[in-house]
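Topology and contacts: notes
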Amino acid sequence: MRVHAAADGGLARVRLPGGRLTAAQLGALRSAAAALGDPVLELTSRGNVQVRALREGAPQRLAALLHEAGLLPSETHERVRNIVASPLSGLDGAGPDVRALVREFDAALCATPELAGLPGRFLVTIDDGRGDVTGLGGDVGLHGGRLLLAQAPTPLRGGAGLLVRAALAFLAERAGQGSAAWRLAELDGGPARVAARLGTETGPRLAGAPRPTPVGLTRQVDGAAAIVVVAPLGLLTPDQAEALGGVAEEMIVTPWRTVVLPHVPMDEADLAVERLAAAGLVADPASPWAGVTACAGRPGCAKALADVRADARAAVVADAAPQALPVHWVGCERRCGAPRGRHVEMLATGSGYRRVES
Ligand code: SF4
């Protein structure tokens, strides 16, 4: 697996298509991180998990452990399995169930050799029609079954095969332009030209910001509860990972650095929330932790001008009022992990922070 060099050691990103993860897989990640690097797992803005501070020789051992846990199904395509889907799809009845489609597309992606050449930034969104993940700005996506190209709708409807064709059309257009663009929207006339390769055209780009999965309890169509918890600052300690696995057999990491725990019997939900809270996970939508995120900052990132996580934590503790807008703390102008849509940015300047609302 590809590992980035960071100031605190190797940084490995584990892709979770649709954010899906079993309790056993989370347990494997927790053990691997504790044995090979920083025991604290990081949740990312694409619903993936990162392990950092990997020591020399650790990436090979990590890859073997992930493969064993079913988290590394394709060595050739690992970097491009960037698939975000509506986290509550198939649970709350608000749209069609896209869970099987996510699995089908992931398998088709890995089975198509040319798609190993997609840029690592290329993002596929599968929105069940409720409009939560389309606003994340995928390169190709489905919104209620309709194909989107850089958020511009086409008349085409379909499933995994259509997404594969669209991704191949992006690669063909990129090669045709002699471009090294990472994103479809960066190509000259990107959406329209890729649509033309698919024999269709695009309409005006869909407006609208992403809509975070609500924190707290959601009633599933079968009467059970789905509990959505915040991992403060997107960090999962070993105890928190254990607590998650103690509540649900399977879970969904969302692009908002929260975790959905589905299929909890409704009469056990309050007790489950108490157990999660005891581990420091937050199921209260009014909590000041909801919507607060931070990049790695010091000491993990050499570019950082501050220990942003410590500063963000201190700010939340000092002012426990819920935030009207998401707040993202960053250690430099690269703005890693910034949420899409309106938010407040706290940018380290070297002598403090500059607050910018966007
Ligand atoms: S925003 Fe800057 S300081 Fe923060 S992780 Fe990215 S590069 Fe590092």
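Now for a look at the structure at hand. Computed from a prediction, not measured in an experiment: that's the story for all the values here. (Residues numbered from 1 in each chain as written. Predicted model: local features only at pLDDT ≥ 70, side-chain atom pairs only at ≥ 80, totals over all residues. Heavy atoms only, no water.)

Remarks on a positive patch on the surface
- On the surface, Arg13, Arg121, Lys303 and Arg334 cluster together to form a positively charged patch.
- Looking at the secondary structure, you find Arg13 in strand 2 (residues 9-14). (Patch = residues over 30% accessible without salt bridge, like charges linked within 9 Å, V, L, I, M, F, W, Y side chains within 5 Å. Areas by Shrake-Rupley, 256 points an atom, 1.4 Å probe, with all protein chains shown as cover. Salt bridge = Lys/Arg side-chain N within 4 Å of Asp/Glu carboxyl O. Lys, Arg positive; Asp, Glu negative; His and termini not counted. Charge placed at Lys NZ, Arg CZ, Asp CG, Glu CD. Helix = DSSP H or I, 4+ residues; strand = E, 2+ residues; numbered from the N terminus.)

As for helix 5 (residues 190-197)
- For helix 5, every residue scored as buried is listed here: Gly190, Val194 and Ala195. Down the axis of helix 5, the sector holding all buried residues measures 125°, keeping them to one side.
- Of the surrounding secondary structure, the elements contacted by the buried residues of helix 5 are strand 9 (146-149) and helix 4 (160-176).
- Of the residues trailing helix 5, Gly199 is marked for its positive phi of about 75°. (Buried < 20%, exposed > 50% of the residue type's maximum accessible area, 1.4 Å probe, protein only. Arc of directions from axis to C-beta. Contact = heavy atoms within 4.5 Å.)

Notes on helix 8 (residues 308-318)
- When we look at burial in helix 8, the residues that qualify are Val308, Arg309, Ala312 and Val316. When helix 8 is viewed along its axis, its buried side chains cluster within an angular range of 100° and face the same direction. For helix 8, exposure combined with an orientation more than 90 degrees from the buried face picks out Val317 and Ala318.
- For helix 8, the elements touching its buried residues are strand 4 (41-43), strand 13 (235-236), strand 16 (292-294), strand 17 (327-330) and strand 19 (353-357).

Notes on the layout of surface pockets
- The space that makes up the second largest pocket amounts to roughly 260 Å³.
- Together, 16 residues line the second largest pocket, and Pro17, Arg20, Leu21, Gln25 and Arg103 are the ones closest to its centre.
- Counting only elements with at least two residues in the lining of the second largest pocket, the list comes to strand 3 (20-22), helix 3 (99-110) and strand 14 (250-253).
- Tallied by class, residues from the lining of the second largest pocket come to seven nonpolar, three polar and six charged.
- Of the residues that make up the lining of the second largest pocket, three or more belong to each of domain 1 (3-78 + 212-278) and domain 2 (96-129 + 134-197). (1 Å grid on protein atoms, 1.4 Å probe; cavity = no way out; pocket = protein on both sides within 12 Å on 5 of 7 lines; lining within 4 Å. Points joined across faces, edges and corners; volume = space filled by probe spheres on them. Nonpolar A, V, L, I, M, F, W, Y, C, P; charged D, E, K, R; others polar. Domains from an automatic or database assignment.)

Focus on the pairing of strand 2
- As paired strands, strand 1 (residues 3-6) and strand 2 are joined by four bridges and run antiparallel to one another. Each residue of the ladder has a partner; that of His4, found in strand 2, is Leu11.
- Examined bridge by bridge, strand 2 and strand 5 (residues 49-54) share four bridges and lie antiparallel to one another. Pairing of Gly10 across the sheet is with Leu54, part of strand 5. (Pairing = 2+ DSSP bridges.)

Things to note about the packing of helix 3 against helix 4
- At their nearest, the axes of helix 3 and helix 4 sit 9 Å apart, and the two run at 40° to each other. Our classification of the angle between helix 3 and helix 4 gives oblique. The way helix 3 lies across helix 4 gives a crossing that is right-handed. Two secondary-structure elements touch here, helix 3 through Leu101, Glu104, Phe105, Ala108 and Leu109 and helix 4 through Ala160, Leu163 and Val164.
- Grouping the constituent residues of the contact of helix 3 with helix 4 by class yields seven nonpolar, no polar and one charged. (Axes fitted to C-alpha atoms, helices over the stretch in contact; angles between N-to-C directions. Parallel < 35°, antiparallel > 145°, perpendicular 65-115°, else oblique. Left-handed = near helix turned anticlockwise from the far one by under 90°.)

Some points on the packing of helix 6 (residues 238-247) against helix 7 (residues 269-278)
- The contact between helix 6 and helix 7 brings their axes to 9 Å, and the two run at 170°. Taken together, the axis directions place helix 6 and helix 7 in an arrangement best described as roughly antiparallel. On the side of helix 6, the interface is formed by Ala243, Leu244, Gly246 and Val247, while helix 7 contributes Ala272, Arg275 and Leu276.
- Partitioned by chemical class, the residues of the contact of helix 6 with helix 7 number five nonpolar, one polar and one charged.

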